[in-house]
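Summary of the model geometry
Next come the chains, spelled out residue by residue.
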Amino acid sequence: MPTNVTPEFRKIQATFRRSRDPHEKLELLREMMRVVPKHKGTEHLRADIKTKIKELTEDLAGPSKGATRTGPQVAFRTEGAGQIALIGPPNGGKSALHDRLTGSHSTSEAYPFATQFPQPGMFRHANTSFQLIDVPSVAAEHPIPFLADTLQHADGCLFVIDLAQPGCVERSQQAIEILAERRVHLIPEWPETGSLDREDDDVFAVLLPTLLVANKVDLLEEPEAELEILEDLLHVDYPTMAVSTETGEGLEHIGPWLFDHLGVVRVYTKVPGQEADMHNPFSMRRGDTIIDLARLIHKDVARDFTFARVWGMHSFDGQQVGRDHELADGDVVEVHTR
């Protein structure tokens, strides 16, 4: 990959990595192709961009008429407030955690690699939902050809481990290295705690905000101390959490943690002259604006947008605002179109 791309390209790249809208991602890819320098050093980059444009165009178009699925689904479009992957070495308790949080009845067995394909499920918290993807265990003896595809839409991950398991450090290090080989890099920064924009040569590397989750802490005497030792041995600095799927200890902290660190903003909508729907908010992110909400409602609403009225903690009731007004958690919005 080249290092001599322009600042304009880097800016588009950063926006691409932050974007959660596949239509916006496609436009940004086309912008990348437009501004990338054309010389021998960028041949691979331009080929990568063309491949990504083709893949995303086909994904947005859906299956062709008469087409049938030839195998299990391995990638999932984001639903709810964010997509969180549960990843880690074998027998860390990922599937048991997935089951406790989503009620998915994911396969949870005492032997390694019981989960063969990604398993989605929805985890409810604070009047919204997180999409949790139970990913097959990452280990050298069990290659996962679709690993990068599964993680490409994730907003973050829970790296789930069993500190009491012999060889935990080696297994965890191996999993992190395998992910890096697949262009998936686990990082400690989350949207609300640090910048996810990194200038590197691998434009399409997946930078995955990570929460290190120590499972089965009911079997440990000092889980927090052992977590610190593990991080020192792995040379990482991820935020950490200790839980037990057996006793339920610590599970109540996962929802609030994800809500805060992803910067989730719940926005409710209303039709003029009617009461607001306070049961099904749109899940957005801190910094999102009125026009972002309009796009979520429907592309035609965004196209025909004229103004909106907002009720909320940071607005007077019914305040008229424009497309660039930033939304706050709990806002009620009435969108007007021409």
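Everything in this summary refers to the structure shown in the same document. Residue numbers here run from 1 along each chain, matching the order of that chain's written sequence. Two thresholds apply to this predicted model, a pLDDT of at least 70 for residue-level local features and 80 or more for giving and counting side-chain atom pairs, whereas whole-chain, interface and lining totals are computed over all residues. Water and hydrogen atoms play no part in the side-chain values, which are based on all heavy atoms of the structure.

**Quick word on the sheet that holds strand β10 (residues 305–312)**
What the five strands build is an open sheet, ordered β9-β8-β12-β10-β11; its pairing is mixed. The sheet terminates laterally at β9 (282–285) and β11 (315–321), the two strands that pair on one side only. With strand direction ignored, the average angle separating the axes of adjacent strands in the sheet is 30°. DSSP bridges decide pairing: two strands pair if at least two such bridges lie between them. We count a stretch as a helix when DSSP gives it H or I for four or more residues in a row; a strand needs E for two or more, and each element gets its number in order from the N terminus. Where strand β8 (residues 264–269) and strand β12 (residues 332–337) come together, two bridges link them in parallel fashion. Only the stretch in contact is used when a helix axis is fitted, and all axes are lines through C-alpha atoms; the angle between N-to-C directions ranges over 0 to 180 degrees.

**Quick word on helix α7 (residues 223–234)**
Any helix carries an expected span of 1.5 Å times its number of residues minus one. With twelve residues, α7 should reach 16 Å at 1.5 Å per residue; the first-to-last C-alpha distance of 16 Å fits that figure. Only protein chains enter the accessibility calculation, which uses a 1.4 Å probe. A residue is then buried if its area is under 20% of the maximum for its type, exposed if over 50%, and partly exposed in between. Within α7, burial applies to Pro-223, Leu-227, Leu-230, Glu-231 and Leu-234. All buried residues of α7 fall inside an arc of 95° around its axis, so they share one side. Opposite the packed face of α7, turned more than 90 degrees from it, sit the exposed residues Glu-228 and Asp-232. Contact definition: two residues touch when any of their heavy atoms are within 4.5 Å. Buried-residue contacts for α7 involve β4 (156–162), α6 (168–181), β6 (206–215) and β7 (240–242). To be clear, the arc concerns the directions from the helix axis to the C-beta atoms.

**Some remarks on the side chain of Thr-289**
Among the structural elements, Thr-289 can be located in the loop between β9 and α9 (290–297). Residue class for Thr-289 comes out buried when judged on its relative accessible area of 12%. Distance and chemistry together define a polar contact, namely a pair of N or O atoms within 3.5 Å, with one atom able to donate a hydrogen and the other to accept it when in protein, and with adjacent residues in sequence counting only for side-chain atoms on both sides. At 3.4 Å, the side chain of Thr-289 forms a polar contact with the backbone oxygen of Arg-323. Other than its neighbours up to four places away in sequence, Thr-289 contacts Met-284, Arg-323, Asp-324, His-325, Glu-326 and Leu-327.

None of the figures reported here should be taken as evidence of function without further support.
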